[in-house]
Each structure stands twice: as C-alpha cells, then as structure tokens.
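Here are the chains, one letter per residue:
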Amino acid sequence: MLNFKFSALAAIYAANVLDGGRTIDEIPSYLQPQVKEVLGNSTSTAADTTPQA
C-alpha cells in the first residue's frame, strides 16, 4: 500500500511540472515545498516508460 505524505493538489501540480505545463516558480508558494517533495520522490522518467523493441 502506498503511503504518501502530501496533498492531492501537490501531486496534481507536480504532474503538471513534469509534463512541462508549469515551472516550479509558477506554483503557489504555499504548495512549493510539497511539490518539490513529490518531484524528489518521483523516479519515473521518459526512458523508464519507453517500450523497448
């Protein structure tokens, strides 16, 4: 079971940063520490999700 210590809103903003829709500076200041934590916990990269031939 996953047990994360951040809000759903922080996860949404983090996904938006990963997708290139926003930068960390465009996120409300009160959420930035949580979003940075989410991004720090993210280990998935484009290379990880690209299927191999």
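Our subject is the structure that appears above.
Residues numbered from 1 in each chain as written. Predicted model: local features only at pLDDT ≥ 70, side-chain atom pairs only at ≥ 80, totals over all residues. Heavy atoms only, no water.

Chemist: Would you explain a nonpolar patch on the surface in this entry?
Modeler: On the surface, a nonpolar cluster with roughly 340 Å² of combined accessible area is contributed by Leu 9, Ile 12 and Tyr 30. By the secondary structure assignment, Ile 12 is in helix α1 (residues 8-19). Ile 12 sits in the exposed class, given a relative accessible area of 55%. (Patch = residues over 30% accessible without salt bridge, like charges linked within 9 Å, V, L, I, M, F, W, Y side chains within 5 Å. Areas by Shrake-Rupley, 256 points an atom, 1.4 Å probe, with all protein chains shown as cover. Salt bridge = Lys/Arg side-chain N within 4 Å of Asp/Glu carboxyl O. Helix = DSSP H or I, 4+ residues; strand = E, 2+ residues; numbered from the N terminus. Buried < 20%, exposed > 50% of the residue type's maximum accessible area, 1.4 Å probe, protein only.)

Chemist: Explain the environment of Val 35 here, please?
Modeler: As for its position among the elements, Val 35 is in helix α2 (residues 32-41). By relative accessible area, Val 35 is classed as buried at 0%. Sequence-distant contacts of Val 35, that is, excluding residues within four places in its chain, are made with Ala 10, Tyr 13, Ala 14, Ile 24 and Ile 27. (Contact = heavy atoms within 4.5 Å.)

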